[in-house]
Every structure is written in structure tokens, then in C-alpha cells.
Amino acid sequence: MTSPKFSVVLPLYNKADHVAASIESALKQSLPPFEVIVVNDCSTDGSREIVAAIDDERVRIFDRDRPGPGGYAARNLAIREARGDWIAFLDADDFWHEDHLEVLAGAIARAPAAGVAATRFNHVFETHSQPQRIARALENGAVLDFAQFLEAWLEVRECPMWTGAIALRRDLLLEAGLFPEGRAVRGGDKDLWLRAMRHSVFTYDARFTADFSRDSTNKVSKSTNTLSTPCLIDTARAMLSGAGPREKRLLRLLINQEIAHYTRYSLKLDSRIRIPLRDVALPEGWGTLALLAVTRWTPASLRKSAYQLIKSVRAKHIGAGQTV
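Since the model is a prediction, treat every value here as computed from it, not as a measurement.

Thresholds applied
- Residues numbered from 1 in each chain as written.
- Predicted model: local features only at pLDDT ≥ 70, side-chain atom pairs only at ≥ 80, totals over all residues.
- Heavy atoms only, no water.
- Buried < 20%, exposed > 50% of the residue type's maximum accessible area, 1.4 Å probe, protein only.
- Helix = DSSP H or I, 4+ residues; strand = E, 2+ residues; numbered from the N terminus.
- Contact = heavy atoms within 4.5 Å.
- Polar contact = N/O pair within 3.5 Å; in protein donor to acceptor, adjacent residues only side chain to side chain.
- Domains from an automatic or database assignment.
- Buried area = accessible area lost by both parts, 1.4 Å probe.
- Salt bridge = Lys/Arg side-chain N within 4 Å of Asp/Glu carboxyl O.
- Nonpolar A, V, L, I, M, F, W, Y, C, P; charged D, E, K, R; others polar.

*Asks:* I tried to follow helix 5 (residues 146–156) on my own but got confused; where do I start?
*Replies:* Within helix 5, eight of the eleven residues are buried, which leaves the element mostly enclosed by the surrounding structure. Taken together, the buried residues of helix 5 touch strand 8 (142–144), helix 7 (188–197), strand 10 (202–213), helix 9 (231–240) and helix 10 (245–266). Where helix 5 begins, the side chain of Asp145 points an oxygen toward the backbone nitrogen of Ala147, at a separation of 3.3 Å. Downstream of helix 5 by one or two residues, Arg157 has phi in the positive range, about 60°.

*Asks:* Would you take a moment to explain unusual backbone geometry for this structure?
*Replies:* Across residues other than glycine, the phi torsion is negative in most instances, and most of the peptide bonds are trans. The peptide bond linking Leu282 to Pro283 adopts the cis configuration, its omega dihedral lying at 15°. Looking at the element boundaries, Pro283 is found in the loop between helix 10 and helix 11 (286–296). The phi angle at Asn14 is positive, at roughly 50°, despite the residue not being glycine. For Asn14, the location among the structural elements is in the loop between strand 1 (6–12) and helix 1 (19–27). Positive phi, close to 65°, is recorded for Leu178, a residue that is not glycine. Relative to the elements of secondary structure, Leu178 occurs in the loop between helix 6 (170–176) and helix 7.

*Asks:* Got a minute to help me understand the domain arrangement of the protein in this structure?
*Replies:* Interface extent is often summarised as the accessible area lost during association of the parts. What the domain assignment reports for the protein is domain 1 (6–222) and domain 2 (231–319). Using C-alpha coordinates to define each centre, domain 1 is positioned 26 Å away from domain 2. Taken together, the contact pairs 21 residues of domain 1 with 19 residues of domain 2. Of the roughly 1,800 Å² buried between domain 1 and domain 2, counting both surfaces, carbon and sulfur atoms make up 60%. At the surface where domain 1 touches domain 2, the tally comes to three salt bridges. A salt bridge links Glu247 to Arg198; the shortest N-O distance between them is 3.1 Å. Where domain 1 touches domain 2, the interface holds five residue pairs in polar contact (both at pLDDT 80 or more). Of the residues assigned to the side of domain 1 that touches domain 2, the class counts are eight nonpolar, three polar and ten charged.

Next up, the structure:
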């Protein structure tokens, strides 16, 4: 089997402190990328000029006339312009180990039917790093169908795929409908991964090949929040009608898990969560329904106290090797 032709997609918005190192990590892969497509979302800090100065014919630059939240529109433009058959995503403040694309290619070779491939990654903070939490089924690598993918997601309450450590077939991304530009400020990545996995197989290699920079400058996750229903909930609900009994239950559990996640996150904010109670998926979601209802009607001071308590309990359990 021939090696995948990887088109690397990198959205860029004011990442002058990081973008050169990120692109260098892509260009110096042991399995070279076919191209690196940078889409500039109106950077004003010299980021574009840094990229333009990189002397490598594989680097292609496109410019948009206005920033797009989450980089979704930029990524969609790059996917449409890509000439490779696989798309590997890299944000302008994250980094790949030298064997990242080679490991992805190996996972793809072991599962020719797969349209989605991923590796393990590290969360990198200023003071420490933390490995991606993964389900038991993924610890030695795995090939998962849609239901198994949902089970792995639910087991550790984290999507098995992170944008900077995955690759998807370009035709699958186009079929799935690309990123939800205009519909989401955050959470659009997981929404697309769910749609893509509905029509494909997931191949995973548990080797660490990427670093997720959690404390870099100009992080979208630190300047935005989500108080309304995340778009993934609508996507999962739409899938229920065509799903079998096992998948329906897993989708309902995922809906409730995501609502609970956003509800707990909202506890630390002054504004109230706006997710309607009707969005909770029953019969599995009675606990989520109670959490959402109480959160909606609790004063901000009490919500913030509850958030600190939950944060403390989670830290203790995670430190002991457990999940909560």
C-alpha cells in the first residue's frame, strides 16, 4: 500500500510566538508531509510575515478577509484547497514529534478501511505535562467502529480524538460536512469527529506523538465560553433516528455527558447556563437533568463555590488514578 499523502492544515490568528516552531515540527517529519496549508485569519502581530519567510515550497498560504471563531472557516478553506488524500490538523501553537505522520501512516496501513486515524498526545502546561486519558480499549492501539468509539469516549469522558493528533481522509471530511463554521465558537471539532465517525472506522496508535499547548498566547478556549446548547447535541440527536438500540443508548449517554460537562463548566461563570432542560436525553439522563435544573436556578455565588468543590474532588480522584 502506498503511503498517505498528508496535507497539513494550520489555521493562523496572531500566533507569532509559536507558529514558526509549529510549522517546523511539521516540515521535519520522518515521513514528510505532501504540503502545509496555512490559512491566515487577519493576523495583526506579524504571524503571516513569519510564515511567508519560511523557504519551503510545501508551505502554501491563503488569506481570509475576517477572523473566524475557532478557526473553523480557515480549516474548511484549507480542506477544500488540499491536494493530499489525508488531512492532518495542526494548530499554530501545538507541536508534533518527528514520527507523528509516520505513526499515523502505520495505523492507516493496519486498518485500510479506516477513514480516521489518531495517536496519543500530551497536555503541556507552563509547569508540567499531563498525558491524554484514554479508554482501556485504546491502551495497546485499536481499530474501533462507531459504537466502540462512543464507548471509548464515554469511559473517560473525553473524546478519543484531539485535533492536533489526528488525520482524516479528505473525502470523508467533505462527506461529513466539514467544520460547523457559523454554528459554533467552541466544540465544533468534536461535532465534526462525531459526524465523520458515523460513516467510518477509527484506527488508533497509543504512542505519544504530539503536544497540546495549554498555556500558549491567544488561546480561543480562554477567551470564549459556551452557555447555550453545543452543536454536538443537535448532531447526536439527529443520529438517533437511524441508529440501532445499542447506538441509540450510547448517543443518549453522550448527549447527557456533554450537557453535564458544559453545565459544570458554567458553574464558575457569572452568567447562567442556557441549555434547555428538554435537551437532556431520557431515560438515562435524570442525573444530568437534576444538575442542569439546579445550576440554572442557583445564584452565581453558590455556583462558584460548588465549582471549586467539584474541582478539588476531581483533582484528588485523578491524582489517585481514578475518574469522576
